[in-house]
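Commentary on secondary and tertiary structure
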Amino acid sequence: LGGTVDQLRSALCRLWRLPWENATKEPFWRLIYNAHPTAARLHRQDSCPCGAAVPDRSHHYWACPVAQAVRAAIDACLAAAAPHAPPTQQPQIWLALAPAGVHVGVWDVVCLAAVRAMDRGRRALIRETLFQPQPQPADPAALVARCGQAACGHFWSCLYDFVAHRRLPAGWQHCPPGHPFIYYDPAAQMLVVNRHPQ
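All figures in this text were calculated on a predicted structure; none of them were measured in a lab. (Residues numbered from 1 in each chain as written. Predicted model: local features only at pLDDT ≥ 70, side-chain atom pairs only at ≥ 80, totals over all residues. Heavy atoms only, no water.)

Some remarks on the packing of aromatic side chains
Here the structure, examined in full by the defined rule, presents eight aromatic pairs. A centroid spacing of 5.1 Å and a plane angle of 75 degrees characterise the contact between Trp 20 and Phe 162, whose relative ring orientation is edge-to-face. One end of the pair, Trp 20, is in the loop between α1 (5-17) and α2 (22-32); the other, Phe 162, is in helix α7 (residues 140-164), with 142 residues separating them in the sequence. Residue Trp 20 is classed as buried on the basis of its relative accessible area of 6%. (Phe/Tyr/Trp six-rings, centres within 6.5 Å; stacked < 30°, edge-to-face > 60°. Helix = DSSP H or I, 4+ residues; strand = E, 2+ residues; numbered from the N terminus. Buried < 20%, exposed > 50% of the residue type's maximum accessible area, 1.4 Å probe, protein only.)

Listed below in structure tokens is the structure:
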């Protein structure tokens, strides 16, 4: 994963304590333990609909255009808050290492939502490829683009789901309006999703 055991243990402990359903956390856990049914893990010679041969977890949860669409949404939100912010790096998502200026708890939610959205996109790619009506072949580029858009939508939906529970973890009241992804609204005394104009 590119990090130390202590970094991984710290991330898993924090993520486990988040007041969110375990179903949202499960794709991240499977990613850490390489437990997703990728072609590489199952020793199959299948290819991703995007064209990559024998895709592994690094492909589906980082390099695939569907995963890149989710990453682009994250980077756009970070850039709106800090125009010179560098692109997100893989360990920042896979080890939940918050970028400078982003609240650690908010970034934990972002990482869980990102991995879940990438997993949703991976499943959609496979489902639509396997059950594509015959004999009309699917347009792979259009399919990948559609699944990428759906994955981005699911990413934001996850953030809205988190704030809808109206729980305020300790320290989150220090996320001021304008904070990327999620901020605390003192007037309403609740968390709010901040997508920034995109």
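Having put the structure on the table, let's press on.
Considerations on unusual backbone geometry
Even without glycine at this site, His 43 takes up a positive phi of about 55 degrees. Relative to the assigned elements, His 43 resides in the loop between α2 and α3 (57-63). Under the relative-accessibility criterion, His 43 is labelled exposed at 70%. The backbone of Phe 181 sits at a positive phi, close to 75 degrees, despite the residue not being glycine. Tracing the chain through its elements places Phe 181 in strand β1 (residues 181-185). Accessibility expressed as a relative area gives 0% for Phe 181, which makes it buried.

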